[in-house]
Amino acid sequence: MTGCDPKKALVLVSGGQDSATCLAIAIEAFGGQNVQALAFDYGQRHVIELEQSRALCTLAGIALEIMPLDFLRHLSPNALTDFNQPITVSDTDVPSTFVPGRNLFFLSVAGVVANRDGMADIYTGVCQTDYSGYPDCRQDFVNSINQSINLALNAELRVHAPLMWLTKAQTVQRMVALGKLEWYAHTHTCYEGLRPACGQCPSCILRRKGFDEAGIQDPLDYER
């Protein structure tokens, strides 16, 4: 069994609000010198996600590794990797932005990286409370992939999803409590890939609703 340091953690970052919060949570728990970040280049619609991941990690003073997973865009059509596919939300099906297998592959790769670098804890920003219909953001999935990673690697890794049962408003409040609200100015949420953010896409609407419910001003700029 591979030995891992229980005092080191790996955080999956996407440049978004939730992963920025997880980064702050991990740094509070382990100290910045014991946290590393991992992002993925999977042919996503907006490379600005990676730019903001770099900005957040620079702000936090931690190392970032960007892992290429280009094969993801060839597996199944979706609006996040096919620039010509419209972004739609349905009451009866998953949104067009759902990338099948994304968190399955992300966490599997994270497990290998954590095992390689001797880290025992992995943080991901998935959330079931307002998971937008993505099946790989549920607690059952996290429990399953945690077990599978450890069986596959003969390791003792722990996958943490600290936002799993928080609303977006509660996530904002958690970031305020951590003293890192200003980090949100460097995050990217907009499905249209705009900075300032469009404020009208499903992702922007969900984010703004969370800030409104928390009664806190979003430091991110919006077009309207």
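Everything below is about the structure printed above this text.
Scope of this entry: the structure provided in the associated data block. As the structure is a prediction and not an experimental result, all values here were calculated from the model.

Our focus in this paragraph is the environment of L10. Its place among the elements puts L10 in strand β1 (residues 5–12). Along the primary structure L10 and V99 are separated by 89 residues, whereas in three dimensions their C-alpha atoms are 22 Å apart. Once residues lying within four places of it in the same chain are set aside, the contact partners of L10 are Q36, A37, L38, A110, V113, A114, M119, D121, I122 and Y123.

The next point concerns the packing of helix α4 (residues 102–117) against helix α5 (residues 139–153). The relative placement of two packed helices comes down to the angle between their axes together with the axis-to-axis distance. For the pair α4 and α5, interaxial distance at closest approach is 10 Å and the crossing angle is 40 degrees. Classed by the angle they form, the pair α4 and α5 counts as oblique. With respect to the hand of their crossing, α4 and α5 are arranged in right-handed fashion. Judged by residue contacts, N103, L104, L107, S108, G111, V112 and N115 of α4 engage F141, I145, I149 and L153 from α5. Per-class residue counts for the contact of α4 with α5 are seven nonpolar, four polar and no charged.

For the rest of this paragraph, the subject is the nonpolar core. Ranked by internal contacts, the top residues of the largest apolar core, which has 39 residues, are F40, Y42, L107 and I122. Breaking this core down by element, the ones donating at least two residues are β1, β2 (35–41), α4, β4 (119–123) and α5. Looking at which element gives the most residues to this core, the answer is α4, with six residues. Not counting the four nearest positions on each side in its chain, F40 is found in contact with L12, L50, M67, L69, F106 and V109. Counting 29 residues, the second largest nonpolar core, distinct from the first, contains A24, I25, L56 and I62.

For the rest of this paragraph, the subject is the packing of helix α1 (residues 17–30) against helix α6 (residues 168–178). It is the contact of α1 with α6, at a shortest axis distance of 10 Å, that shows an interaxial angle of 40 degrees. The angle between the axes of α1 and α6 places the two elements in the oblique class. Handedness of the α1/α6 crossing: left-handed. Contacts from Q17, D18, A20, T21, A24, I25 and E28 of α1 reach α6 at K168, T171, V172, R174, M175 and L178.

The next subject is the packing of aromatic side chains. Applying the stated criterion across every chain, the model contains five aromatic pairs. Between F40 and F106 the ring centres are 4.1 Å apart and the planes differ by 10 degrees, which places this aromatic pair in the stacked class. Placement of F40 in strand β2 and of F106 in helix α4 is noted, with a sequence separation of 66 residues between them. In this structure F40 comes out as buried when scored by relative accessible area, which is 5%. When its relative accessible area of 10% is taken as the criterion, F106 is described as buried.

Conventions we followed
Residues numbered from 1 in each chain as written. Predicted model: local features only at pLDDT ≥ 70, side-chain atom pairs only at ≥ 80, totals over all residues. Heavy atoms only, no water. Helix = DSSP H or I, 4+ residues; strand = E, 2+ residues; numbered from the N terminus. Contact = heavy atoms within 4.5 Å. Axes fitted to C-alpha atoms, helices over the stretch in contact; angles between N-to-C directions. Parallel < 35°, antiparallel > 145°, perpendicular 65-115°, else oblique. Left-handed = near helix turned anticlockwise from the far one by under 90°. Nonpolar A, V, L, I, M, F, W, Y, C, P; charged D, E, K, R; others polar. Core = buried A, V, L, I, M, F, W, Y, C linked by side-chain atoms within 4.5 Å. Buried < 20%, exposed > 50% of the residue type's maximum accessible area, 1.4 Å probe, protein only. Phe/Tyr/Trp six-rings, centres within 6.5 Å; stacked < 30°, edge-to-face > 60°.

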